[in-house]
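Here's the letter readout for the chains.
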Protein chains: 2
Amino acid sequence: MAKESYTGRINRKLMKKLRIVEVAAGREKADLVLKNAAYVNVFSSQICRADIAVAEGLIVGMGTYSGVQEVDVSGKIVLPGFLDAHIHLESAMVSPGEFARAVLPHGTTTVVADPHEIANVMGADGIEYMLQATEDLPVDVRFMLPSCVPATPMDESGAVLDYRTIDSFYDHPRVQGLAEMMNYPGVIGADPQVIEKIVAAQAHHKKIDGHAPDLLGNDLNAYIAAGVYSDHECHDAADAVAKLERGQFIMIREGTAARNLAALMPLMTPQYAERCMFCCDDKHPNDLLEKGHIDYNIREAIRLGADPILTIRVACHHAARYYLLNNRGAIAPGYLADFVVIDNFQDFNIQQVFKKGVEMYDGTSVRDFPAPVIDPYLVRRAHDTFHLAHLTAEDFAERRPRGIIGMVPGEIVTTDQGYSDHIDPEWDILKIAVVERHKNTRHIGIGYLQGYGLKRGAVATSVSHDSHNIIVVGAGEEDMAAAVNRVAENRGGIVVMEGGRVQGEVALPVAGLMSDGTLEEVNSALEAAKDAAFALGVSREIDPFMTLSFMSLPVIPTLRLTTRGVIDVDKQQYV
Amino acid sequence: MAKESYTGRINRKLMKKLRIVEVAAGREKADLVLKNAAYVNVFSSQICRADIAVAEGLIVGMGTYSGVQEVDVSGKIVLPGFLDAHIHLESAMVSPGEFARAVLPHGTTTVVADPHEIANVMGADGIEYMLQATEDLPVDVRFMLPSCVPATPMDESGAVLDYRTIDSFYDHPRVQGLAEMMNYPGVIGADPQVIEKIVAAQAHHKKIDGHAPDLLGNDLNAYIAAGVYSDHECHDAADAVAKLERGQFIMIREGTAARNLAALMPLMTPQYAERCMFCCDDKHPNDLLEKGHIDYNIREAIRLGADPILTIRVACHHAARYYLLNNRGAIAPGYLADFVVIDNFQDFNIQQVFKKGVEMYDGTSVRDFPAPVIDPYLVRRAHDTFHLAHLTAEDFAERRPRGIIGMVPGEIVTTDQGYSDHIDPEWDILKIAVVERHKNTRHIGIGYLQGYGLKRGAVATSVSHDSHNIIVVGAGEEDMAAAVNRVAENRGGIVVMEGGRVQGEVALPVAGLMSDGTLEEVNSALEAAKDAAFALGVSREIDPFMTLSFMSLPVIPTLRLTTRGVIDVDKQQYV
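Examining the packing of helix 11 (residues 294-303) of chain B against helix 12 (residues 308-315) of chain B
Residues and elements named next belong to chain B.
Next up, step 1: Put simply, helix 11 and helix 12 touch, their axes get as near as 10 Å, and they point 150 degrees apart. The pairing of helix 11 with helix 12 is recorded here as roughly antiparallel in orientation. Helix-helix and strand crossings are classified by hand; for helix 11 and helix 12 the assignment is right-handed. On the side of helix 11, the interface is formed by Ile-294, Ile-298, Ala-301 and Ile-302, while helix 12 contributes Pro-308, Thr-311, Ile-312 and Ala-315.

Brief notes about the side chain of Ser91(B)
Next up, step 1: With respect to the helices and strands, the residue Ser91(B) is situated in the loop between strand 6 (82-87) and helix 2 (96-103).
Next up, step 2: When neighbours within four sequence positions are excluded, Ser91(B) is seen to be in contact with Asp282(B), Lys283(B), His284(B) and Pro285(B).

As for the pairing of strand 21 (residues 458-461) of chain A
Residue and element names in this part refer to chain A.
Next up, step 1: Side chains Ala-458 and Ala-460 of strand 21 all project onto a buried face; the interleaved residues Val-459 and Thr-461 project onto the opposite face, where all are buried too.
Next up, step 2: Pairing geometry for strand 21 and strand 22 (residues 470-474), over 4 bridges, is antiparallel. Of the residues in strand 22, the one forming a bridge with Val-459 is Val-473.
Next up, step 3: As paired strands, strand 21 and strand 23 (residues 493-498) are joined by 4 bridges and run antiparallel to one another. Across the sheet, the residue bridging to Ala-460 is Val-495, located in strand 23.

Comments concerning the packing of helix 1 (residues 6-24) of chain A against helix 7 (residues 192-203) of chain B
Next up, step 1: For the pair helix 1 of chain A and helix 7 of chain B, interaxial distance at closest approach is 9 Å and the crossing angle is 115 degrees. Handedness of the helix 1 of chain A/helix 7 of chain B crossing: right-handed. Contact with helix 1 of chain A, carried on its side by Tyr6(A), Arg9(A), Ile10(A), Lys13(A), Leu14(A), Lys17(A), Leu18(A) and Val21(A), involves Pro192(B), Ile195(B), Glu196(B), Val199(B), Ala200(B), Gln202(B) and Ala203(B) of helix 7 of chain B and no other residues of that element.
Next up, step 2: Here the contact of helix 1 of chain A with helix 7 of chain B is built from residues that sort into 10 nonpolar, 1 polar and 4 charged.

Some details on the relation of the copies chain A and chain B
Next up, step 1: Mapping chain A onto chain B calls for a rotation angle of 180 degrees and an axial translation of 0.0 Å; the resulting RMSD is 0.1 Å. Each copy turns onto its partner about a two-fold axis.
Next up, step 2: Looking at chain A, 100% of its interface residues are interface residues in chain B too, so the copies touch through the same face.

Let's talk about the packing of aromatic side chains
All names here are of chain A.
Next up, step 1: By the definition in use, this model includes 14 aromatic pairs over all chains.
Next up, step 2: Considering the side-chain rings of Phe-249 and Tyr-322, the 4.9 Å spacing of their centres and the 50 degrees angle between planes classify their relative orientation as tilted. Taken as a pair, Phe-249 in strand 12 (residues 249-253) and Tyr-322 in helix 13 (residues 317-322) lie far apart in primary sequence, 73 residues in all. Judged on exposure class, the residue Phe-249 and its partner Tyr-322 are both buried.
Next up, step 3: Centre to centre, the rings of Tyr-322 and Tyr-323 are 4.6 Å apart; their planes meet at 70 degrees, and the pair counts as edge-to-face. The residues Tyr-322 and Tyr-323 share a single accessibility class, namely buried.
Next up, step 4: The rings of Phe-249, Tyr-322 and Tyr-323 are connected pair by pair, giving a single aromatic cluster.
Next up, step 5: Its end group placed over the ring of Tyr-229, Lys-207 keeps NZ or CZ at 5.2 Å from the ring centre.

Each value, and the rule that gives it
Counting restarts for each chain, with residues numbered from 1 along the sequence as it is written. Labels are handed out in written order, letters beginning with A for the chains and numbers beginning with 1 for the ligands. Given that the model is predicted, a residue must reach a pLDDT of at least 70 before its local features are reported, and side-chain atom pairs must reach 80 or more before they are shown or counted; all residues, however, enter totals for whole chains, interfaces and linings. No hydrogens and no water enter the side-chain calculation; it runs on all heavy atoms of the structure. For helices, the fitted axis covers only the stretch in contact; all axes are lines through C-alpha atoms, and the angles between them, taken along N-to-C directions, range from 0 to 180 degrees. By the criteria applied, helices consist of DSSP H or I runs no shorter than four residues and strands consist of E runs no shorter than two, each listed in order from the N terminus. The scheme is simple: roughly parallel for angles under 35 degrees, roughly antiparallel for over 145, roughly perpendicular for 65 to 115, oblique for anything else. The sense of a crossing depends on the near helix, which, turned anticlockwise from the far helix by less than a right angle, makes the crossing left-handed and, turned clockwise, makes it right-handed. The criterion used for residue contact is that any of the two residues' heavy atoms lie within 4.5 Å. Working definition: with a 1.4 Å probe on protein chains only, accessible area under 20% of the residue-type maximum means buried, over 50% means exposed, and in between means partly exposed. We call two strands paired when DSSP finds no fewer than two bridges between them. Gly is placed with the polar residues, together with every amino acid not listed as nonpolar (Ala, Val, Leu, Ile, Met, Phe, Trp, Tyr, Cys and Pro) or charged (Asp, Glu, Lys and Arg). When the copies are overlaid, the least-squares fit takes in C-alpha atoms only where the residue has pLDDT of at least 70 in both copies. Any Phe, Tyr or Trp ring, taking Trp's six-membered ring, that has another such ring centre within 6.5 Å forms a pair; planes under 30 degrees apart are called stacked, those over 60 apart edge-to-face, and the others tilted. Should the NZ of a Lys or the CZ of an Arg lie within 6 Å of a ring centre and within 35 degrees of the ring normal, that charge is described as sitting over the ring.

Structure representation (structure tokens):
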């Protein structure tokens, strides 16, 4: 494609704009009119009534209009499309296109994604992969660039991203800024390598999202003064208000792994809601299929007593303004024709979803859309991220005393359970290992795990935060080796192994994180694998894979396991 | 100066940011601490209490801090610096530096200027002149690029600005967008030359301000859908709410020529205020000196019953967010240390004003600051904008019947008073002329004026909206010629002439619009000239120069005069 000149670009946009004005002024027919709409006006916090006219994918006016296509929405309520302000798409374990197909029936028309997981595997190529995998999807996917790859220097990830590595992405029209700055100790401690990422994002006039649970006082001042504009880690209202009062925008998170909405309901009030938006952070297949997406957050907020119109503003308009996505999040002339049609606020059944004026969900099914074309090099690279030698039981056989990581049901924090030098399923002492898989370093960190409950066999997964090496837990070293080998053979995913036989598995061949299949296929394999894990004794109080995947994240207390061994996170040293 | 590399730029900003973090975290002393501050928190709409620490010109934290300089503000209230969302600086008739000196004691720390007047005289060079004349002033002057030069094709101005002429200015860091799109009939009528200006501003991701009094219904939809994001012409609340509901931001205007605050008080409520900000549009010397600036709007709003904290949000935060000036308009870490210290909300006496952490006003006087350096070519060009031949009485002597423009006391609309073919001061029929002065075309439009009251002599001014030719009104042609010649000799300004002798005058040699002197000097000359005009019989119900200056603006009903003759604005034809 020849590069377009500036004049050419202006002329092209002018053509479209002239038509918009003609339709808005009533001189030409609209492409689509939602007749007799009752719609939420996020500017006046009222329900307004009018026809809504659409042309060229944009809302052009509210009044009396006629259109080529007319849809009578009498008796229903029309809302702007919903935004998720912060999500790691990889958690859904499917392609972004498949994610879009899953969330459209839930009214989501824009998400702001942090490709942190794939970037830990593939570096800048991972970011590029996600940009290409989301081009022209009917859910607009915007990106924040991963700020902490690897999560800590103790981690051994597939890539190290400094500010220069990600810098060119700021020119991409769908990149909004720098994603959650998890390394808040680095910010507060004025680590130049951390701060320069913020400085570079600001130099591009971009947003910087935060991640700073329980940060207070002057440390919080330092973190915000450095240039971090939001937080999605608030788990109580006092923490959230302290951040909001200092100028941060608060993302009220309600996802699969963390659920903060109930605790943050005091923010869903006129005093604070203007600075709040919704996010999910992580959404796992089962949760997406059963509960939905931002619509679930809306329903919950209303059920917990929030004003419905205020809730809609939080779900649409505030995230759009925060991210300077100023053409969405409202029903007004010039805004994207992204609509959610519901029956009423109490039942909140979504009956239709429009993206840029096209009905993408009719109450029954999602309209087909083309899969984005991804550069063949990137496709091959994404499917070839496992670089490790074939393992045997010998690789896990050592008998030196190692720390025991204690799992806590329903939490991702762990406890320090002392030491062990052998597996003892009777006492629920299992061997756990993290196998480096990016660069064939043959690093294998070994420790012990209590609280998982496995009685025989092994469970392995390449979804292991944040560096996504292969984490494996077993009642025997043979099955541990077999499980890891099977994960590698599948080019990623989850394997439940017993006696050398696969009991359940989910192949995630895209960077070891995502499937090439449908959400339903992944969910069904995942649920079957969970059942297999439970059958081998895994405690039913624990999500066998999700909880396991956090055992390697060396930023959450108390003990964690990396490719180099068991770490005391509080002391930041190996035990 | 060598061009800075990107790495060099990041390193430079990094140094500053590291220091900010050190101070915020409490490891280094602040440059300035406002001790024991009670400050307005625009995020939580509360008064908060803490020390406010400043480093590198930015607020770094609120808490307990010590600083190299400490100022105890116990018992006072600290506010963010005020913003004027839309002003034509030229109306103050002084240089931008002198304007800054005048408004600092009133708490203004940022203004968004539309250099529409000087652009009508000097075109793109006028915009550049204002950019240079405002560089590094202690009031941050941001610009919107004039959208309608000339105001209409019937006008004969010094320049014609199409989208290409102004396009390169969008790269300037202090240009925020496209200024008031006065040609709303052109927008609604889908005139490509008008719409392409909007399209180009959007292509640069810039704001587009509006100007559309009383626009309603689908025409209003068309205007907004075209991409016009604000309006400052609302003179009743219903009009304002109609625009706000469709997504426009409302600038509540209270200036010299137009005063809408009282009528728009229904917007100063939680339901609407989030989308509102203050502006003055025009501020004349006397008004600036006697009433103040945005502080006057705040006092008036509070006096009329608005909540003080909500009023402060309107005066600071909302304009900053609208214009994406996201580092100001609030007291929070990372924001500019722009403070206004007042005694209390009722008396609202401004006791100190800080700009970027420097006390610029101490309650008595304004701290000196260097005048911006302006390119010598531009200085010469700005002082050489009168290109017309010496005139004699003969040039005004013609006796053909011409339309009589009727002045209305206290208004800028006019009435159609029929025709005359001679001056008759007994019946208050004066001759009025507009003399083209940009390009020596020798065009002189002649008509008659009723309601001005002049009994003898002549009054001439080069401040004549919007094209700023010389407008002259007289009881005799000799004095008319002498007054115009004197204006040209002064390279612009206002002259009151009788019997060939100057009775009063204000020299405005910068583009014929601004003085090189102080505001006090200009005001004193202006008041003396007004007295001289009154002494010659001008009606005391009329501002002798301001009202006259609107007689040439061919967009306001009913009759106007251009260099080509009397126009019926409603019919858009010569009479």
